[in-house]
Each structure stands twice: as structure tokens, then as C-alpha cells.
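For reference, the chains in residue letters:
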Amino acid sequence: MRARAIVIAVLVLAAAAATGWAASSGDGASGSRASPARFRVLVFSKTTGFRHDSIPAGIAMIRRLGREHRFAVDQTEDERAFTDRNLARYDSLVFLSTTGNPIARQGHRRAFQRYIRSGGGFLGIHAASDSFARWPWYIRLVGATFRRHAPGTSAAHVVVEDAGTPATRGVPRVWRRVDEWYAFRSNPRGRVHVLATLDEHTYEPGDAAMGADHPIAWCHRYAGGRSVYTAMGHTSASYREPSFVSHLLGAIEMAAGHGPFGCGSG
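Just so it is clear, the model here is predicted, and its values are computed rather than measured.

Take the overall build of the protein chain next. What the protein chain contains, in helices and strands, is six helices and twelve strands. Burial status across the protein chain gives 51% buried among its 266 residues. Relative to all contacts within the protein chain whose residues are 6 or more apart in sequence, the contacts with residues 24 or more apart total 77%. If you sum the accessible surface of the protein chain, you get close to 11600 Å²; carbon and sulfur atoms cover 53% of it.

Another aspect to go through is the state of the cysteines. For the structure shown, the criterion picks out one disulfide. One disulfide bridge connects Cys219 with Cys263, the sulfur atoms lying 2.0 Å from each other. Between Cys219 and Cys263 the disulfide shows an S-S torsion of about -85°. By sign, it is left-handed. Placement of the pair is Cys219 in strand S11 (residues 215-222) and Cys263 in the segment after helix H6 (242-255), with a sequence separation of 44 residues. Like Cys263, Cys219 is buried.

Glancing now at the environment of Ala60. With respect to the helices and strands, the residue Ala60 is situated in helix H2 (residues 55-69). Relative accessible area serves as the criterion here: at 44%, Ala60 is assigned to the partly exposed category. In sequence terms Ala60 and Tyr239 are 179 residues apart; their C-alpha atoms lie 8.6 Å from each other.

One non-glycine residue, His126, adopts positive backbone phi at about 50°. Here His126 is to be found in the loop between strand S5 (121-125) and helix H5 (136-142). Phi is positive for Phe132, close to 50°, though the residue is something other than glycine. Of note, Phe132 is situated in the loop between S5 and H5. The class of Phe132 is buried, set by a relative accessible area of 0%.

Conventions adopted
Residues numbered from 1 in each chain as written. Predicted model: local features only at pLDDT ≥ 70, side-chain atom pairs only at ≥ 80, totals over all residues. Heavy atoms only, no water. Helix = DSSP H or I, 4+ residues; strand = E, 2+ residues; numbered from the N terminus. Buried < 20%, exposed > 50% of the residue type's maximum accessible area, 1.4 Å probe, protein only. Contact = heavy atoms within 4.5 Å. Areas by Shrake-Rupley, 256 points an atom, 1.4 Å probe, with all protein chains shown as cover. Disulfide = S-S within 2.5 Å.

As C-alpha cells, this is what we get:
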């Protein structure tokens, strides 16, 4: 009888492990019977290139937002989370400063594509645009590909173009903040709905200039799903900055389909 009990216990543990690709799941107020989760997001932060020191701060901040605003947060760096069955659990995927090729297997990439086609949401933060540089589908999902950044970090003016979205309502129309400022291989305007631009007169872009029209945050509908991207979020301090936290909360809600999404198609 004892041997049989041990076998049953091992099988139960194996089954739990097989369904638990999210490395740290069920966070936030989602477990409260009185306050059920409004939606669930999966934060994916795997890197195969440069790794940002701010990733832990970003994960902690999103978890805190989940607790405060009643959405569930799972987090993983395991590409095996990208299966049809597992992704169906989520209203949105959050790519937090992923770099390189964080999903190597074609089967997992195809599951990601099917998830978006079925109406799923995507939020890319900062280096998410420095991922999958040779995967056209992903580049179109994000809206643009990272080219280079201005030297170091510096203060600059972010100019809000559309103040009526959840991602921009809580920030100043001219928002002075410190970050690492990205430039892209092409200007996404025309393919996406631009939420905010950079004023290059307020910092030194160096060879990362894009000129008078320098989008820095945007959204669009793509391949049946929702996509939001913000190039901000390089520094750990960003995730303690009230206006940036408000920006990300709104972006998360938009990507998850729990906020107005007047972003057109791309």
C-alpha cells in the first residue's frame, strides 16, 4: 500500500509539472474569491542576446499591478509555454525586453501565430523590438525593428499624440523622462496608430536619429489580434516611475482587450 501511495504521489506531481509552464503563476488578486481576476497575462522575458538588468523590476511591477487591478500574472522564460492549449489561457502576452530569438522551435512559433490569429493580445516592451530580426511576421506584429539607440540614457520629451487611450491618459501631454531612446529600421507610421513620439530637439540622438517624426509608442490590430508596443522601459527606475507605470497599466489593459482599442489595423 505504501509503494502504491508513493507511485500515485509521483504521478500527481508529474501531471502538475506538465501543465505548469509558467514559472511563477497565479499572482495578484486573481486568487481571491471576492475579487476574481478580470483577465490573465503571460509575461515572457527570455533573452538570447543582450539581457536588461531591468527585467526583474519589470516583472515585479507587473505583478504588483495585477494585485492592485485584479488581473492574473504568470511569468516564464520557457518557450514550451507556447502551445495552443496553454496560450488559450491568456488574454495577452507581454514580451518584456526579450532579445535575439527567444522562441527557437517552429512549432512554438506557429502556436504563437495561431494565438494572435484567434484574437489574442500582445504587448511589447522596450527590447521586444530587438527580437526575431529575421522573422517578418513578428516584425509586423511589433510594428518596427530596433536599429540602434542614442548614447547612454538621457532625459527627453515624449510628446503624446493620442491622449484618449488607456496607455496615455495618465501621462503628461509633453512628458519629460529619462530612458534609453531607440531608433528603428523604418518608421512604423502608416502601419500603426502612433500614441507618442520623441522630440529629438530635447536630447542628443547621435546616429540614432529619425528626424521630426520619431514614434516611440504605438498600437494596431494585426492578423486578427491586438498589438501594443512601447520602446520605453530600459532602466529599472522606469518601473518605479508613476507615469510610466500608468502607461504600462493602460497598455496591458489595451492588449488584453479590457480597454478601448481605437488603433486601426496593420
